[in-house]
Amino acid sequence: MIRGQFPQGEDMGARFEEMVEQVRLADALGFASLTKGLHYASYPLQTLNQMVFLSRMAAESRRLRLNFGIILLSLHQPLEIAEQLASLDVISNGRVIFGAGLGYREVELAAFGVKRKEIVRRFNENIEAIKRLWTEDKVSMKGSYFELLDANVSVKPVQKPHPPIWIGANADPAIERAARIGDCWYVNPHNRMDTIERQIEVYKRALDAAGKPFPVEFPGRRECFVAATREEAIRLCRPYLTKKYEVYHAWGQDKAMPEGDNDLGLAFDDLIKDRFFLGGVDEVAEQIIGYTRKTGINHHVLSCQWPGMPQSMALDTLQLLGKEVLPRVRQGI
């Protein structure tokens, strides 16, 4: 994952060129996908728009899948998103992953004229409409906040029946919703791993209730940093990872997390316990292998750069992941 979030005052043109370098390296190292998240009004950080960024990066690789991880779907109209993603799926020859979530920040909801009480209904209706637009020639559907009158997408996606739909979710009810309406639950990066293990059981029960099998591709995101030793990894990443989670805490990300694991304002040493992949090469490989075995997650989206981190550190950890860690992981699972 290239989060692409930088402090105010940074030269974003220069940062963009650095992100291009990271994408080219990830492609050369054999990574499977490229992920970009989305937040609007991201102060105190700067970030490039998700749709624009991934569309541009489609030209930097013929292989990396393009993961919209995630689109804040409740803020948008379904025809708009269906057309944009279908167009990029054609341009990229079928490499789009549609990650979708509710959103939680008041500044974003207010800017798009969306009330908090509406977001689940908007989300469910938008998912249904996008699926129909991608698979039907013409769609008539009256939603609570849109109406389709014999509408169609101007171009159908390459992937059939449609690009995979990954539903991001933190709380148990949202995970149950992901089981019902998505191709898979896209496991969040914030909760402790013991919380995720418990929630896997919530997800399995919801799949059973919906009459759906466990997904073949099961994705999850984690913060990850690799260095020569665990002590060195923590020393290097601490100031940047701390800043990122201070921003999450200020934005209210905690409010979307389940009770008992909903405080991102913890001191750093407490925050990282059972939560992130951090350490030397062998240690991080074992962390990923163990997590894979416990959860069944088999598409790991690894976020390795945080606001203010120098490009050299991001490239170093990508090199270690691609050349040292992931070969060990593939052998061990």
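Each value, and the rule that gives it
- Residues numbered from 1 in each chain as written.
- Predicted model: local features only at pLDDT ≥ 70, side-chain atom pairs only at ≥ 80, totals over all residues.
- Heavy atoms only, no water.
- Helix = DSSP H or I, 4+ residues; strand = E, 2+ residues; numbered from the N terminus.
- Contact = heavy atoms within 4.5 Å.
- Buried < 20%, exposed > 50% of the residue type's maximum accessible area, 1.4 Å probe, protein only.
- Pairing = 2+ DSSP bridges.
- Phe/Tyr/Trp six-rings, centres within 6.5 Å; stacked < 30°, edge-to-face > 60°.
- Lys NZ or Arg CZ within 6 Å of the ring centre and 35° of its normal.
- Axes fitted to C-alpha atoms, helices over the stretch in contact; angles between N-to-C directions.
- Parallel < 35°, antiparallel > 145°, perpendicular 65-115°, else oblique.
- Left-handed = near helix turned anticlockwise from the far one by under 90°.
- Nonpolar A, V, L, I, M, F, W, Y, C, P; charged D, E, K, R; others polar.
- Salt bridge = Lys/Arg side-chain N within 4 Å of Asp/Glu carboxyl O.
- Core = buried A, V, L, I, M, F, W, Y, C linked by side-chain atoms within 4.5 Å.
- Lys, Arg positive; Asp, Glu negative; His and termini not counted.

So, about the environment of V96. The residue V96 is located in strand β5 (residues 96–101) in this model. Remark: the alpha-carbon pair of V96 and K273, spanning 177 residues in sequence, is separated by 33 Å. For V96, the contacting residues outside a window of four places in its chain are L66, F68, L85, L88, D89, Q159, P163 and P164.

A few words on the pairing of strand β8 (residues 165–169). Of all five residues that make up β8, four are buried, and the element is covered over most of its length. Pairing analysis gives three bridges linking β5 to β8, with the strands arranged parallel. Paired with A100 across the two strands is I167, which belongs to β8. Of the strand pairs in this sheet, β8 and strand β9 (residues 184–187) are connected by four bridges, and their pairing is parallel. The partner of W166 across the bridge, within β9, is C184.

Moving on, we come to the packing of aromatic side chains. Taken as a whole, this structure holds 13 aromatic pairs when the rule is applied. Ring centres of Y203 and F218 lie 5.6 Å apart, and the angle between their planes is 10°; on these two criteria the pair is classed as stacked. With a gap of 15 residues between them, Y203 in helix α7 (residues 193–210) and F218 in the loop between α7 and β10 (219–226) connect regions that are remote in the sequence. Each member of the pair, Y203 as well as F218, is classed as buried. Residues Y245 and F276 carry aromatic rings whose centres are separated by 5.3 Å and whose planes lie at 50° to one another, so their mutual orientation is tilted. Highlighted residues: Y245 in helix α8 (residues 230–251) and F276 in the loop between α9 (268–271) and β11 (277–279), separated in sequence by 31 residues. The class for Y245 is buried, based on a relative accessible area of 1%. Taken together, the aromatic side chains of W185, Y203, F214 and F218 make up a single cluster linked through ring pairs. Against the face of Y145 rests R122, its NZ or CZ located 4.0 Å from the ring centre. Lying across the ring of Y248, K244 places its NZ or CZ 4.1 Å from the centre.

Before going further, it helps to spend a moment on the packing of helix α1 (residues 12–29) against helix α2 (residues 50–57). Between two packed helices, what matters for the description is the angle formed by their axes and the separation of those axes. Axis separation between α1 and α2 bottoms out at 11 Å; the angle between their running directions is 50°. Here α2 runs oblique to α1, going by the angle between their axes. Here α1 runs over α2; the crossing is right-handed. Contacts between α1 and α2 involve F16, M19, V20 and V23 on the former and, on the latter, F53, R56 and M57. Looking at the contact of α1 with α2, its residues break down into six nonpolar, no polar and one charged.

This next bit is on the pattern of salt bridges. Counted according to the given criterion, the structure contains 23 salt bridges. K142 serves as the salt-bridge partner of E147, at 3.7 Å between the closest nitrogen and oxygen. Judged by its relative accessible area of 45%, E147 is partly exposed. A relative accessible area of 66% places K142 in the exposed class. In this structure, K204 and E201 form a salt bridge, with 3.8 Å as the shortest nitrogen-oxygen distance. Here K204 pairs with E201, and both are found in helix α7, just three residues apart, close to one helical turn. Look at K204 and you get partly exposed, because its relative accessible area is 36%. E201 sits in the partly exposed class, given a relative accessible area of 38%.

Let us look at the nonpolar core. Residues L85, F98, I127, W134, W185 and V325 are the most contacted members of the largest nonpolar core, which totals 83 residues. Setting aside residues up to four positions removed in sequence, W185 forms contacts with I167, A169, I175, A178, Q199, I200, Y203, F218 and P219.

What follows is about the packing of helix α3 (residues 78–91) against helix α5 (residues 119–135). The contact between α3 and α5 brings their axes to 9 Å, and the two run at 45°. The angle between the axes of α3 and α5 places the two elements in the oblique class. Helix-helix and strand crossings are classified by hand; for α3 and α5 the assignment is right-handed. The segment α3 lies against α5, with P78, L79, I81, A82, L85 and A86 engaging N126, A129, I130, L133 and W134.

Here R177 shows up in helix α6 (residues 172–181). No salt bridge forms around the buried R177; measuring N to O, its nearest opposite-charge neighbour E176 is 7.9 Å away. Filtering out sequence-adjacent residues up to four positions away, R177 remains in contact with L102, V120, F123, N124 and G182.

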